[in-house]
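# Examination of the molecular architecture
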Amino acid sequence: MTDASVSGGGRLIVYVGGLIEKRHDADELFEKLQAEPGHADDEVWVYPDWIRPLTRGSLAVLADTLNQRIGALWAAGARAREIVLVGHSAGGVLLRYAYLCGRGRLDGHRSAWVHQVTRIVLLAAPNRGVPPSRLNGPTRVAAIMAAGTFRRFAALELLAGAAFMTDLRLEWIRLFNELGAEAPLVVQVRGAADPLVRPEDSRDVEGRATGADLYIPQADHRDIMKVSKVPQDREGQRYDILRRAVIGTVEITEPAALPEQEAEVTDIVFLLHGIRAGINSWVTDLERALQNGTTNRTLVVTASYGWLSALNFAFPVSRRRTLRWFQDQYSYQFARHPEARIHFVGHSNGTYMFGQSLRQVRTLRFDRVYLAGSVLPREFGWRDFADRLQIATLVNACGSRDKPVGWLCSGLRGLGMRDIGLGGFAGFDVTPSGTVQFLHLDGGHGAGLTAQHLPAVAEYIRDGKQPNPSVTEPSQLFSQVSRLAPLLAVLLVLGLLGMVAWTVVAFSLVKLVAVLGGAAAACLILKAV
């Protein structure tokens, strides 16, 4: 049992409301709490700058601002010896991040006030982020469209798998594991009728030594902070539960037990396929090889982000849309197995998702990494990621006839796309010590993941033994086409634009057929590589 009550009161209670919460919805709750015996001297500070749907800016910056403002308020007052943080929905997420900032995590300003925090109360906080699939139809469509175009809206960083949410979850788990029983009590309060928040979402909170979960019957996401004129099984039920959460005695709880096959996981391996593929390929064969002769201590994650054609890959919005999915998968597994080592095997677009996720989420950590047919640029900053302990060892397998990398990615770079490149054909320029690059394996885009090489890949991931395959050289013709691809891509695009302009100036059916034929030819080229 954990009780944060201090005789004589004098707490500072900081409240941050939700995304669409009305300004005074929680007033009645705090008025009743201050009327409790021994709590008349409690000060309630309602943070005035809540996150709203159209709030612009970085949530990380906004959270660090909240951290500094709480510190200024606490220092200017009587320096309350006990601080209780209470946040509803997005407000709870913002308070969690502000607390991490105050602890000096995630580049935040270290603040003394965090050492006075004894309790953090999260009212329907989406601790995993909000999966778009749980939003209602119009809101879901708007969120998905806005996430790919209007990135300046802070609310979009609340989506599951967003860099902000992933950093928050991973760093929270690491900090609270370090603090152990010395960490503040963290109470997640969820409503029975809440469509956005599920118990598994809060495993990063409840799974720590001081985590607790409370449940309010009939409460939904919007009204969980209200104590009157709302559905209740009995009069005063909601207030009784909320009172326990904020100032009463709360029993530490445990999240749902993991399945038996995950009870003793020591290693997690992500297998991520590339373009024009799914999990019914090398992924299935490597999963079998990794689990052959081993115990249940290795968890192989083979979830798929869906089919991605070469044409889809050529558009930045299409290839970036899967990043949140992968980052959410990582934080989900890390919350379930925080002590496990995490490894990665990726091919083609899977390597793009991996590399861009490393850039966006500084808290990702991988032990052994194997890349095949990588579409990342040669100048990718692997050494920086190694210095930040985001990767330990790296193997890069390049195919001698890899058209999607050697030709397609080279051409796309000629069109100004600098987030992709020839790292999986020509190798990376700067790598950490111990990196192994195969220049080149005999074969095409999947040369590094053929049946011939999979046993060595599995051995590297399991035991750290680096593969040692035979290598060859690409043909002069193939290399020459790779070097000319940027120019050819520019000429192709200029030709298509010229044909469109030619058709618009003096339209005719013949010209339209010519334009459509040119577009079809471009699609066939993409399909061919």
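Below: a short report on this structure. (Residues numbered from 1 in each chain as written. Predicted model: local features only at pLDDT ≥ 70, side-chain atom pairs only at ≥ 80, totals over all residues. Heavy atoms only, no water.)

Moving on, we come to the nonpolar core. Buried together is how nonpolar side chains tend to be arranged in soluble globular proteins. In terms of nonpolar packing, the biggest core is built from 71 residues, with Leu85, Val86, Tyr99, Leu123, Trp172 and Val189 touching the most fellow members. Counting residues per element, this core draws most heavily on helix α3 (residues 90-102), which supplies nine residues. Setting aside chain neighbours within four positions, we find tyrosine 99 in contact with Leu85, Trp113, Val114, Val117, Ile120, Trp172, Leu175, Phe176, Leu179 and Pro184. In this structure, Tyr305, Phe344, Leu358 and Phe428 belong to the second largest nonpolar core, which totals 49 residues. (Core = buried A, V, L, I, M, F, W, Y, C linked by side-chain atoms within 4.5 Å. Buried < 20%, exposed > 50% of the residue type's maximum accessible area, 1.4 Å probe, protein only. Helix = DSSP H or I, 4+ residues; strand = E, 2+ residues; numbered from the N terminus. Contact = heavy atoms within 4.5 Å.)

Right, let's get into the side chain of threonine 55. If you trace the backbone, threonine 55 turns up in the loop between β3 (43-46) and α2 (59-76). Residue classification places threonine 55 among the buried residues on the basis of a relative accessible area of 19%. Among the polar contacts listed, one links the side chain of threonine 55 to the backbone nitrogen of arginine 52, at a separation of 2.8 Å. Excluding its chain neighbours within four sequence positions, the residues that come into contact with threonine 55 are Trp50, Leu62, Arg152, Phe153, Ala154 and Ala155. (Polar contact = N/O pair within 3.5 Å; in protein donor to acceptor, adjacent residues only side chain to side chain.)

Tallied over the full model, the rule gives 30 salt bridges. When the shortest N-O distance is used, the salt bridge between aspartate 204 and arginine 96 registers 3.0 Å. Residue aspartate 204 is found in helix α6 (residues 203-206), and its partner arginine 96 is found in helix α3; the two are separated by 108 residues along the sequence. Given the relative accessible area of 0%, arginine 96 is considered buried. For aspartate 204, the salt bridge identified is with arginine 169, shortest N-O distance 3.4 Å. Placement of aspartate 204 in helix α6 and of arginine 169 in helix α5 (residues 163-179) is noted, with a sequence separation of 35 residues between them. Residue aspartate 204 shares its accessibility class with arginine 169, and that shared class is buried. Three or more residues are tied together by salt bridges with common partners; here these are Arg105, Glu171, Arg174 and Glu178. (Salt bridge = Lys/Arg side-chain N within 4 Å of Asp/Glu carboxyl O.)

Buried residues of helix α8 (residues 282-291): Trp282, Val283, Leu286 and Leu290, and no others. Down the axis of α8, the buried set is contained in an arc of 95°. They therefore lie on one face. Taken together, the buried residues of α8 touch β9 (267-272), β10 (298-301), β11 (341-347) and α15 (454-463). (Arc of directions from axis to C-beta.)

With six of its six residues buried, strand β4 (residues 83-88) lies for the most part within the structure. Here β4 shows no split at all, with Ile83, Leu85 and Gly87 on one side and Val84, Val86 and His88 on the other all buried. Here five bridges tie strand β2 (residues 12-16) to β4, and the two strands are oriented parallel to one another. By the bridge assignment for β4, leucine 12 is matched with isoleucine 83. Inspection of the sheet shows β4 paired to strand β5 (residues 117-123) by six bridges, in the parallel sense. Residue pairing in the sheet places glycine 87 in a bridge with leucine 122 of β5. (Pairing = 2+ DSSP bridges.)

As a packed pair, helix α1 (residues 27-34) and helix α7 (residues 237-246) sit with axes 11 Å apart at the nearest point and diverge in direction by 70°. The angle between α1 and α7 falls in the class roughly perpendicular. When you trace α1 past α7, the crossing you get is right-handed. Contacts between α1 and α7 involve Leu29, Lys32 and Leu33 from the first element and Tyr239, Leu242, Arg243 and Val246 from the second. (Axes fitted to C-alpha atoms, helices over the stretch in contact; angles between N-to-C directions. Parallel < 35°, antiparallel > 145°, perpendicular 65-115°, else oblique. Left-handed = near helix turned anticlockwise from the far one by under 90°.)

The terminal C-alpha atoms of helix α14 (residues 403-414) lie 16 Å apart, and with 12 residues this matches the ideal 16 Å at 1.5 Å per residue to within 8%. In terms of residue burial, α14 counts as a mostly covered element, since nine of its 12 residues are buried. Those residues of α14 lying buried are Pro404, Val405, Gly406, Leu408, Cys409, Ser410, Gly411, Leu412 and Arg413. Put simply, aspartate 402 is the residue that caps the front of α14, since its side-chain oxygen is 3.2 Å from the backbone nitrogen of valine 405. Glycine 416 occupies a position one or two residues after α14 and carries a positive phi of about 95°. (Expected span 1.5 Å × (residues − 1).)

Let us now look at the environment of valine 395. Looking at the secondary structure, you find valine 395 in strand β13 (residues 391-399). Residue valine 395 is classed as buried on the basis of its relative accessible area of 0%. Look past the residues within four positions of valine 395 in its chain and what remains in contact with it is Val369, Tyr370, Leu371, Val436, Phe438, Tyr460 and Pro467.

Moving on to the sheet that holds strand β12 (residues 366-372). Ordered by their spatial adjacency, six strands build an open sheet running β10-β9-β11-β12-β13-β14, and the pairing between neighbours is parallel. Edge strands, defined here as strands with exactly one partner in the open sheet, are β10 and β14 (436-441). Strand-to-strand, the axes of this sheet are offset by a mean angle of 10°, without reference to chain direction. When β9 meets β10, the two strands line up parallel, connected through four bridges. The partner of aspartate 267 across the bridge, within β10, is threonine 298. On top of the sheet, α15 reaches β9, β11, β12 and β13; it is set at about 165° to β12, its chief contact.

Nothing here speaks to function; it is geometry throughout.
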